Amino acid sequence: NYGQSLIWLAAPGGESLGSILDYVISTTPGNRIGFYIGTSQAAPMVSAVAALVLEKYGPMSPSKLKNHLAQTADDLGKKGHDKYYGRGHINAYKAVTK
């Protein structure tokens, strides 16, 4: 997905045109490892980081949480908000340490 009005944050979701190293490694039913791509990989990544932030800093409004994730993201692409990375690529470490 991309588009100036569509993307707020980017998250690891894999790249179908890249190598296998660009895929997200995840467990599968039966305790196996699989390689996946797409928003079904990125959405749980953002949800997990959001949960870590709430655990660390306590309850906050959805808009405050959204802004915190954006302020601690890595700005990739064009400086500021752009159509490929939104406000940046989510950074779990910075989200819970800043």
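Above this text is the structure in question.
We now turn to the structure provided with this report. (Residues numbered from 1 in each chain as written. Predicted model: local features only at pLDDT ≥ 70, side-chain atom pairs only at ≥ 80, totals over all residues. Heavy atoms only, no water.)

**Let's talk about helix α1 (residues 39-57)**
Logical step 1: Over its 19 residues, α1 extends 27 Å from the first C-alpha to the last, a length consistent with the 27 Å expected when each residue adds 1.5 Å.
Logical step 2: Considered for burial, the residues of α1 that qualify are Gln41, Ala42, Val49, Ala50 and Val53. Mapping the buried residues of α1 onto a view down its axis gives an arc of 165°, with all of them on the same face. More than 90 degrees from the buried face of α1, the exposed residues found are Ser40 and Glu55.
Logical step 3: Tucked into the core, α1 has its buried residues touching β1 (24-28), β2 (32-36), α2 (62-71) and α3 (92-97). (Helix = DSSP H or I, 4+ residues; strand = E, 2+ residues; numbered from the N terminus. Expected span 1.5 Å × (residues − 1). Buried < 20%, exposed > 50% of the residue type's maximum accessible area, 1.4 Å probe, protein only. Arc of directions from axis to C-beta. Contact = heavy atoms within 4.5 Å.)

**Quick word on the nonpolar core**
Side chains of a nonpolar character, in soluble globular proteins, are inclined to be buried together.
Logical step 1: By size, the foremost hydrophobic cluster in this structure holds 13 residues, and its most contacted members are Leu9, Val49, Val53, Leu65, Leu69, Ile90 and Ala95.
Logical step 2: Only α1, α2 and α3 provide two or more residues apiece to this core.
Logical step 3: Take this core: its biggest share by element is four residues, from α1.
Logical step 4: With residues up to four places along the chain from it excluded, the contact list for Leu9 reads Leu69, Ala70, Ala73, Tyr85, Arg87, Gly88 and Ile90. (Core = buried A, V, L, I, M, F, W, Y, C linked by side-chain atoms within 4.5 Å.)

**Quick look at the pairing of β1**
Logical step 1: Across five bridges, the pairing between β1 and β2 is antiparallel. Residue pairing in the sheet places Val24 in a bridge with Tyr36 of β2.
Logical step 2: Joining the antiparallel neighbours β1 and β2 is a turn of three residues, in which Gly30 adopts a positive phi near 85°. (Pairing = 2+ DSSP bridges.)

**Structural notes on the packing of aromatic side chains**
Logical step 1: Applying the stated rule across the entire model yields zero aromatic pairs.
Logical step 2: The lysine or arginine in question, Lys66, covers the ring of Trp8, its NZ or CZ lying 4.4 Å from the ring centre. (Phe/Tyr/Trp six-rings, centres within 6.5 Å; stacked < 30°, edge-to-face > 60°. Lys NZ or Arg CZ within 6 Å of the ring centre and 35° of its normal.)

**Things to note about the environment of Thr28**
Logical step 1: Mapped onto the fold, Thr28 is located in strand β1.
Logical step 2: What makes Thr28 buried here is its relative accessible area of 16%.
Logical step 3: Setting aside its immediate chain neighbours within four residues, Thr28 contacts Ile33, Gly34 and Tyr36.

**As for the pattern of salt bridges**
Logical step 1: As enumerated under the stated definition, the model contains one salt bridge in all.
Logical step 2: The shortest N-O distance in the salt bridge between Lys94 and Asp74 comes to 2.9 Å. Of the two residues, Lys94 sits in helix α3 while Asp74 sits in the loop between α2 and α3, which places them 20 residues apart along the sequence.
Logical step 3: Lys94 gets classed as partly exposed once you look at its relative accessible area, which sits at 22%.
Logical step 4: Residue classification places Asp74 among the partly exposed residues on the basis of a relative accessible area of 26%. (Salt bridge = Lys/Arg side-chain N within 4 Å of Asp/Glu carboxyl O.)

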